[in-house]
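# Inside the fold
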Amino acid sequence: MESRKNKKLFNTIMVVVIVLVAAAGIVAVGSVKGWFADSEDTLAQAESVSGIVSVERSGVSFEAKNGDSLMSGDTITTNEKAQILISAGDNTYNLAEASQAKLEASDESRYIMELVSGESFVIVDDEGDFQKIIAQDNEITSEKAVFSVNVQTGSMGINVFYGSVTAARDGESLTAQAGEKISIVGEEMEVAQLSADSLNQFNLENAIDAGKSHELC
């Protein structure tokens, strides 16, 4: 009889331990993925995720899903045939396949993105929440604008479809208006006319979609 009671008690303890371990695991995963984050900690949201998109946060990587919270310090990497729309208030940043970006919030909690590699299509409708994009040590700023930024080895470009965009580095700056592009190769920066036949599929698809709500060039 005593043996049965001990066995029952042991089984009960084991069930409790298993539940606690499972709960601890959920809390650990949820903490990394931002499930329990305050709204103040959330910098942006992951939307329109397709393919495999990884997020590295505090040394831990996980696969991004629609609706995931994105935070300052996150590094987002898209595999081939993968994309993610980073939604921050009224502003969006569509990260193309084979691209990498780092997210950061300034002291004013305004959005900063460092485009490490690849390409991003950007829509800024609320300049109050947008501070800049950093690409190859260039600081890219704008008010209300629609533009794309692409980073390649030793060069980068900015295509402006709506509004105006400024690129600055080492005290020098250039501003491109809608229908123009900024090309940066090494230390050389220049503004040229934007031509439709120079746009890749990623730009064309996003421009067509943005044209539904913005009067593009």
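Just above, that's the structure.
Predicted model, so just to flag it, every value in this text is computed and none were measured.

### Brief notes about helix α2 (residues 201-210)
Of all the positions in α2, only Phe202, Asn203, Asn206, Ala207 and Ala210 are classed as buried. When α2 is viewed along its axis, its buried side chains cluster within an angular range of 120° and face the same direction. Away from its buried face, by an angle of more than 90 degrees, α2 presents the exposed residues Gln201 and Ile208. In this structure Asn200 caps α2, since a side-chain oxygen of it lies 3.3 Å from the backbone nitrogen of Phe202.

### Some words on the packing of aromatic side chains
All told, the structure shown has 2 aromatic pairs when counted by the stated rule. Ring centres 6.4 Å apart and planes at 25° place the aromatic pair Tyr93 and Phe130 in the stacked group. Residue Tyr93 is found in strand β7 (residues 91-95), and its partner Phe130 is found in strand β10 (residues 130-135); the two are separated by 37 residues along the sequence. The pair formed by Tyr93 and Phe130 is uniform in burial state, with each residue classed as buried.

### Description of the environment of Met189
Tracing the backbone shows Met189 in strand β17 (residues 188-193). Judged by its relative accessible area of 18%, Met189 falls in the buried class. Beyond its immediate sequence surroundings of up to four residues, Met189 is in contact with Ala167, Arg169, Leu174, Ser183 and Ile184.

Calculation criteria
- Residues numbered from 1 in each chain as written.
- Predicted model: local features only at pLDDT ≥ 70, side-chain atom pairs only at ≥ 80, totals over all residues.
- Heavy atoms only, no water.
- Buried < 20%, exposed > 50% of the residue type's maximum accessible area, 1.4 Å probe, protein only.
- Helix = DSSP H or I, 4+ residues; strand = E, 2+ residues; numbered from the N terminus.
- Arc of directions from axis to C-beta.
- Polar contact = N/O pair within 3.5 Å; in protein donor to acceptor, adjacent residues only side chain to side chain.
- Phe/Tyr/Trp six-rings, centres within 6.5 Å; stacked < 30°, edge-to-face > 60°.
- Contact = heavy atoms within 4.5 Å.

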